[in-house]
Amino acid sequence: AALKRYLLLLIVTIILLVMVNLGFFLEKKVLLKVIMQGPDYLTIRNQTWKTIFVVLGVLGTGAIQAILAFCQPILMIDTANIFVALFRNIRYFFKNLLSVSFVVIVPLCAYLPVAVLKAGLMNIMIKTVPEMVFAVIGVGILITLIVNVFMTVTVTVLYLKIRE
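Everything numeric here is computed off the predicted structure, so don't read it as measured data.

Would you mind showing me how to read helix H5 (residues 97-108) here?
Helical geometry: 3.6 residues make up each α-helical turn, so side chains three or four residues apart lie on a common side. For H5, which comprises twelve residues, the first-to-last C-alpha distance of 17 Å matches the rise-based estimate of 16 Å (1.5 Å per residue) to within 8%. Burial in H5 covers these residues: Val-100, Ser-101, Val-103, Val-104, Pro-107 and Leu-108. For H5, the buried positions fall inside an angular range of 165° around the axis, keeping them on one side. Looking at H5, the residues exposed on the side facing more than 90 degrees away from the buried face are Leu-98 and Phe-102.

This is the structure in structure tokens:
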């Protein structure tokens with residue numbers, strides 16, 4: 001029974017990854033079009049555009065994660081099947097749109113500085129030492145771990161409160 005729960009979590013994770021990667025693909029297409037407009041496009045430098053798109057990417061990822069946020073607790077606590085979990089998830093998401101968005105997107109903002117640094121990693125290596133890459137990646141992994149655990153716990157607590 002536990003293996004079945006984990007397989008269902010894997011399916012939800014794959015759905016989430018496909019949605020996030022589709023979002024990043026579309027974002028890159030738009031970014032390339034903006035950069036191809038030339039350096040004078042809206043009088044903003046290419047690096048500034050990249051930073052803007054990194055911020056939008058993190059916020060977009062948060063929005064996508066918020067949409068599927070309740071699937072994990074529904075699958076694990078209520079032991080529902082995948083279709084019931086997705087249906088209930090959407091229902092709970094729209095009923096609690098502001099609170100679930102806050103619980104998911106605000107913690108992701110802690111990752112913004114690392115995402116911006118990672119976008120300019122080549123410049124950081126050139127201006128400092130190449131080993132700085134390891135520090136940025138290490139901090140990114142640590143922040144990602146903390147943010148994901150925090151989001152999982154807070155979404156589960158929120159789910160338990162609204163389910164009652």
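After that view of the structure, there is still more to cover.
Can you walk me through the nonpolar core in this structure?
Nonpolar side chains in soluble globular proteins tend to be buried together. Grouped together as the largest cluster of nonpolar side chains are 30 residues, with contacts concentrated most on Val-58, Phe-70, Ile-74, Leu-75, Val-100, Val-104 and Val-155. Mapped onto this core, the elements with two or more residues apiece are helix H1 (2-36), helix H2 (46-67), helix H3 (71-77), helix H4 (82-95), H5, helix H6 (112-119) and helix H8 (132-163). Sort the elements by how many residues they give to this core and H8 lands first, with five residues. Residues contacting Leu-75, with those up to four places away along its chain left out, are Arg-5, Leu-8, Leu-9, Val-12, Ala-80, Asn-81, Ile-82 and Ala-85.

It is not clear to me how H8 should be interpreted in this structure. Could you clarify?
Relative to the 46 Å expected for 32 residues at 1.5 Å per residue, H8 spans 46 Å between its end C-alpha atoms, a close match to the ideal helical length. Buried residues of H8: Val-133, Val-136, Gly-140, Val-147, Met-151, Thr-154, Val-155, Leu-158 and Tyr-159, and no others.

Would you explain the layout of surface pockets in this entry?
By rolling a water-sized probe across the atoms, one finds the places where empty space is left. Estimates place the volume of the largest pocket at around 1,200 Å³. Only H1, H2, H5, H6 and H8 provide two or more residues apiece to the lining of the largest pocket. Top contributing element to the lining of the largest pocket by residue count: H1, with ten residues.

Basis of the calculations
Residues numbered from 1 in each chain as written. Predicted model: local features only at pLDDT ≥ 70, side-chain atom pairs only at ≥ 80, totals over all residues. Heavy atoms only, no water. Helix = DSSP H or I, 4+ residues; strand = E, 2+ residues; numbered from the N terminus. Expected span 1.5 Å × (residues − 1). Buried < 20%, exposed > 50% of the residue type's maximum accessible area, 1.4 Å probe, protein only. Arc of directions from axis to C-beta. Core = buried A, V, L, I, M, F, W, Y, C linked by side-chain atoms within 4.5 Å. Contact = heavy atoms within 4.5 Å. 1 Å grid on protein atoms, 1.4 Å probe; cavity = no way out; pocket = protein on both sides within 12 Å on 5 of 7 lines; lining within 4 Å. Points joined across faces, edges and corners; volume = space filled by probe spheres on them.

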